[in-house]
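Overview (structure and organization)
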Amino acid sequence: MTIHLKTPDDFAKMRVVGKLAAEVLEMIGPHVQPGITTGELDRICHDYIVNTQKAIPAPLNYNGFPKSICTSVNHVICHGIPSAEKVLKVGDIVNVDVTLIKDGFHGDTSKMFGVGEIPDHAKRLIRVSQECLYKAIALVKPGATLGDIGHVIQQHGEAHNYSIVREYCGHGIGRIFHEEPQVLHYGAPGTGLRLVAGMAFTIEPMLNAGTRYTKLSSKDGWTVTTKDRRLSAQWEHTMGITENGCEVFTKRSDETL
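If you walk across this open sheet you meet the 3 strands as β6-β10-β13, and the pairing is antiparallel. In this open sheet, the two strands that pair with only one neighbour each are β6 (163–164) and β13 (232–234). Alignment of β6 against strand β10 (residues 206–208), held across 2 bridges, turns out to be antiparallel. The residue bridging isoleucine 164 from the neighbouring strand is leucine 207, located in β10.

Shown next, in the form of structure tokens:
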């Protein structure tokens, strides 16, 4: 396993692109309303990234992915493809996942949105999945292990009777979109790779209201859904490990991390 440790200059560039990625999620929030299509959300984000931010939407044409963002609605876990046919309606929940490239570096982040008034059980799933991410980030520092991160996510999610998706995970990031290490969202404390300053990766827990089992669309080869079609929620941040903790590059202005 080759881990690409980042220099202070690399982190400076990741700080810039991470802030831009966070700004995309802040910008798109007011547009997530009943009646809009996920295709329109993609168009708005694409135009903002390319024309306003002068950055590159990393998902577009990545291994054949056809759009600039991922929109995963309700029982879609991840990698949902925006579409002119998919109209959001009151009560839906949607994960908007954006990755930008600026000056050769990637910033990857996602956020859950409720469409209009959503049911209490959906609010709870969204809240607990975000808490899982925050609890994991709080542990990230030199000397901690990837198992520590996975364990706290698994423990908190399962304590609320949710299941943790295992087939998809966080990942190293920098000049390359997906690199080592893989950051699993389950595990045992004290196991796995020990963290050192200069590492950069994403943490992106996916929690299901039902079972953990997933299904990959044979039609498009991208869309991942819950096998039982129950709701799923995910949050994601990109971070770099510093000498005494971590810096969350994709932190939004409403977050205190």
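Once that is clear, we can look at helix α1 (residues 8–28). Between the first and last C-alpha of α1 there are 31 Å, a value that for 21 residues agrees with the 30 Å anticipated at 1.5 Å per step. Among the residues of α1, those classed as buried are Asp10, Phe11, Met14, Val17, Gly18, Leu20, Ala21, Ala22, Val24, Leu25, Met27 and Ile28. Where α1 is buried, its residues meet α2 (38–52), β4 (93–102), β5 (105–114), β9 (200–203) and β14 (237–241).

Look at α1 against α2: their axes get within 10 Å of each other, and the N-to-C directions meet at 135°. Between α1 and α2, the crossing angle belongs to the class labelled oblique. Here the hand of the crossing between α1 and α2 comes out right-handed. Taken together, the residues of α2 that come into contact with α1 (itself represented by Glu23, Val24, Met27 and Ile28) are Leu41, Ile44, Cys45, Tyr48 and Ile49. Residue classes in the contact of α1 with α2 are distributed as 8 nonpolar, no polar and 1 charged.

Thresholds, definitions, all that
Residues numbered from 1 in each chain as written. Predicted model: local features only at pLDDT ≥ 70, side-chain atom pairs only at ≥ 80, totals over all residues. Heavy atoms only, no water. Pairing = 2+ DSSP bridges. Helix = DSSP H or I, 4+ residues; strand = E, 2+ residues; numbered from the N terminus. Expected span 1.5 Å × (residues − 1). Buried < 20%, exposed > 50% of the residue type's maximum accessible area, 1.4 Å probe, protein only. Contact = heavy atoms within 4.5 Å. Axes fitted to C-alpha atoms, helices over the stretch in contact; angles between N-to-C directions. Parallel < 35°, antiparallel > 145°, perpendicular 65-115°, else oblique. Left-handed = near helix turned anticlockwise from the far one by under 90°. Nonpolar A, V, L, I, M, F, W, Y, C, P; charged D, E, K, R; others polar.

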